[in-house]
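These are the residues of each chain, in order.
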Amino acid sequence: MEITIQQEGNETRIKISGRLNTITTRECEKQITPLWEQPAPHLVVDCSELSYVSSAGLRLFLVMQKQTTALKGSLRLVGMQPMIRETFNLTGFGVLFHIE
């Protein structure tokens, strides 16, 4: 798993590549947590190179949504591969997120 974080205007773009599982989710969460120190964060998560997401990864997305919403920010998921999108839809997560 690889994660890159870039500021683009008023949005922060988070690109997650590879597998998001129990082990890699912890590292990803450590890197994302500082983003909630800013008021009203506007996060865009690029999932175009995300190849797998486990239940731990889904939990991370849920935490991101809750934290961002609590801070009056926004979260968008973009470039989601069909298999990942199917996982979101089958678990009911598809309706919880703004997916483009």
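Residues numbered from 1 in each chain as written. Predicted model: local features only at pLDDT ≥ 70, side-chain atom pairs only at ≥ 80, totals over all residues. Heavy atoms only, no water.

A. Just the pattern of salt bridges, in detail. Under the definition given, this model contains five salt bridges. Between K15 and E49 there is a salt bridge, with its nearest N and O atoms 3.0 Å apart. Of this pair, K15 sits in strand β2 (residues 11–20) while E49 is found in strand β3 (residues 42–53), placing the two residues 34 residues apart along the sequence. Several salt bridges converge on common partners, so that one network encompasses E11, R76 and E100. (Salt bridge = Lys/Arg side-chain N within 4 Å of Asp/Glu carboxyl O. Helix = DSSP H or I, 4+ residues; strand = E, 2+ residues; numbered from the N terminus.)

B. Spatial organisation of the sheet that holds β2. With respect to topology, five strands assemble into an open sheet ordered β1-β2-β3-β4-β5, the strand pairing being mixed. In this open sheet, the two edge strands, each paired with only one partner strand, are β1 (2–8) and β5 (98–99). In this sheet, β5 lies alongside strand β4 (residues 74–78) in parallel orientation, the contact comprising two bridges. What sits directly across from R76, in β5, is H98. Strand contacts of helix α1 (residues 22–32): β1 and β2, with the helix running at about 170 degrees to β2, the strand carrying the most contacts. Across the sheet, helix α3 (residues 82–90) lies against β3, β4 and β5, angled at about 105 degrees from β3, the strand it touches most. (Pairing = 2+ DSSP bridges. Contact = heavy atoms within 4.5 Å. Axes fitted to C-alpha atoms, helices over the stretch in contact; angles between N-to-C directions.)

C. Spotlight on unusual backbone geometry. Positive phi, normally seen in glycine, also occurs at A40, with a value near 45 degrees. Mapped onto the secondary structure, A40 falls in the loop between α1 and β3. Under the relative-accessibility criterion, A40 is labelled partly exposed at 29%. Residues other than glycine seldom take positive phi values, yet K72 does so here, at roughly 65 degrees. By secondary structure assignment, the location of K72 is in the loop between α2 (55–70) and β4. On the basis of relative accessibility, which here comes to 69%, the residue K72 falls in the exposed class. (Buried < 20%, exposed > 50% of the residue type's maximum accessible area, 1.4 Å probe, protein only.)

D. Representation of α1 within the structure. Every buried residue belonging to α1 is among T24, T25, C28 and I32, and all of these are buried. Down the axis of α1, the sector holding all buried residues measures 105 degrees, keeping them to one side. Along α1, exposed side chains directed more than 90 degrees from the buried face belong to I23, R26 and K30. Close packing links the buried residues of α1 with β1, β2 and α2. (Arc of directions from axis to C-beta.)

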